[in-house]
Amino acid sequence: MAAKVRTEGLSAWYGPKKAIEDITLDFEEHAVSAIIGPSGCGKSTLIRCLNRMHETIPKTRVEGKVVLGGEDIYALPAVTVRRRIGMVFQKANPFPTMSIYENVVAGLRLNGERNRDKLDAAVLESLKQAALWDEVKDSLDKSGASLSGGQQQRLCIARALAVRPEVLLMDEPCSALDPIATAKIEDLIFDLRKDYTLVIVTHNMQQAARVADTTAFMYLGHLIEVNRTRDLFEKPRETLTESYITGRFG
Amino acid sequence: MPQAAERKALQKGLQKLNENMVTLAELSELAIRKAVDALSRLDGEAAKEVFMLDQEVYGLQLEIEHNCVDLLALHAPVARDLRTITTSLKITTDLDRIGRYAKDIGEVTVQSRADGPGADPEIARIREMADLTIRMVDTAIDAFVQRNAESVRNIVEVDDAVDRMHDENFGEIVRRMSEGKLKIDLGARYILVNRYLERIADHAVNIGMRVVYMVTGEWLPRVRAAERAEGSPN
């Protein structure tokens, strides 16, 4: 399968501290790629480099390349990159003063879209894709903050999808959710792979095993192993990977 | 990554599983040794001990199955832990089948004894085949206990030798029966024992192949004996 996103010799720093080092990794198109590893291994830094979020933090820098469909994203305007590569965060962050409807179209409005029919169509399509439509179709004017945690996270996914990104990054999207809400997000991830390239950072190895086609294991800023998910959890190539996933670490 | 307490519980469960597997393997091997020994001496009392061993094997197999299901359900094991548990689940069936065949050989002994003592040359040939079969079982079990994939990589070739002995024995028994040198009912029982031993060797191969998977994660391809012979340099 073709790589939609590829990092080439990617390193990133917070001030003098190197957080990730020389990462070369492919993220396949229309597939789910998971990144796992212990806290501080650099997995969130890596995912934040993929849509130039890392540089929003002062005193950070990046070396190497992130290639999206053949283009180096660091040669493109950051806003364009973030429109093409959306992101969903650990904690759902709907705009609290906006309605559900306005939350979904916020990105489109920022991009200058004013046509009501187009906005309506985007709301319908994005909420359906995020498996939230049936639950909120009669209350689109209610505040996004009035939804449950799981619904808020799906609202954030709908908001990210509304601008029709090519890639969706998810940084621990279920860590604040109960098992039922988590299952809904996981089902959603499964369905979204048809249309999007997904990259998910997770602490939950079983979640990676359930949803991802390929899984990468990182440790101390290094990429230790990337493998088909089934192989990584059944017969990892690297001893370090085996030690981590079986809990025999340190 | 599993938490420390969870990891400890899994380790304890795996340790218990390993101990039970070793016991099960020892019981199965003992059953087959006793069964062949009882047949050689036409010793009905020894054959009855095999029936008891078979019951033990069956009971322990069920316990191991429950252990494995608990470990899978409670700890979501991965990598070598997962391979150890799934391999144990599969191997218990092979060991149980070996125990069953031992019991079947025991039954043949009891029935043959009713026919009166005999010192057929078939017994010696079956004994020879049994020795090789038991060696295969022993090798496979030892590989499991030692987590040694290398020692079982050529177990299929030993199985080919057992298969050849099976075919030769079968031909010889049929020949002697048709010449009237061997009673039909006794010859038929020898044919059964001959077949049981051949099947036990097949189960030893299964165990060996699964040990390779458990240790390395690699599935050995199944190659038919005829294809192996074609590919052989000789």
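See the structure shown above.
Values in this document were obtained by computation on a predicted structure and should not be read as measured data.

## Observations concerning the overall build of chain A
Part 1 of the reasoning: Helix and strand counts for chain A come out as ten helices and ten strands.
Part 2 of the reasoning: Here chain A has a C-alpha radius of gyration of 18 Å; the compact-globule value for 250 residues is 18 Å, and the two agree.
Part 3 of the reasoning: Sorting the 250 residues of chain A into buried and exposed places 46% on the buried side.

## Details of the pairing of strand E7 (residues 167-171) of chain A
Residue and element names in this part refer to chain A.
Part 1 of the reasoning: By the criterion of burial, E7 is predominantly enclosed, with five of the five residues buried.
Part 2 of the reasoning: In E7, alternate side chains face the same way, and those of Val 167, Leu 169 and Asp 171 on one face and Leu 168 and Met 170 on the other are all buried.
Part 3 of the reasoning: Direction of pairing for strand E6 (residues 85-88) relative to E7: parallel, over a ladder of four bridges. The partner of Met 87 across the bridge, within E7, is Leu 169.
Part 4 of the reasoning: Across five bridges, E7 lies against strand E8 (residues 197-201) in parallel orientation. Looking at E8, one finds that Val 167 is bridged to Thr 197.
Part 5 of the reasoning: Following the chain from E7 across helix H7 (residues 179-192) to the adjacent parallel E8, one finds a crossover that is right-handed.

## Describing the interface of chain B and chain A
Part 1 of the reasoning: Facing eleven residues of chain B, the contacting portion of chain A comprises 13 residues.
Part 2 of the reasoning: Examining the composition of the side of chain B that touches chain A, we find that five residues originate from one element, helix H3 (residues 79-114) of chain B, more than from any other.
Part 3 of the reasoning: Taken together, the residues that form the side of chain B that touches chain A break down as six nonpolar, one polar and four charged.

## Notes on the environment of Leu 232 of chain A
Residue and element names in this part refer to chain A.
Part 1 of the reasoning: Its place among the elements puts Leu 232 in helix H9 (residues 229-234).
Part 2 of the reasoning: For the pair Leu 232 and Ile 245, spaced 13 residues apart in sequence, the C-alpha to C-alpha distance is 9.1 Å.
Part 3 of the reasoning: The residues contacting Leu 232, other than those within four sequence positions of it, are Thr 215, Phe 217, Glu 225, Asn 227 and Thr 241.

Each value, and the rule that gives it
Residues numbered from 1 in each chain as written. Chains lettered and ligands numbered in written order. Predicted model: local features only at pLDDT ≥ 70, side-chain atom pairs only at ≥ 80, totals over all residues. Helix = DSSP H or I, 4+ residues; strand = E, 2+ residues; numbered from the N terminus. Rg over C-alpha atoms; globule rule 2.2 N^0.38 Å. Buried ≥ 20, exposed ≤ 12 C-beta atoms within 10 Å, placed from the backbone. Pairing = 2+ DSSP bridges. Right-handed = clockwise from strand over helix to strand, strands pointing away. Contact = placed C-beta atoms within 7 Å. Nonpolar A, V, L, I, M, F, W, Y, C, P; charged D, E, K, R; others polar.

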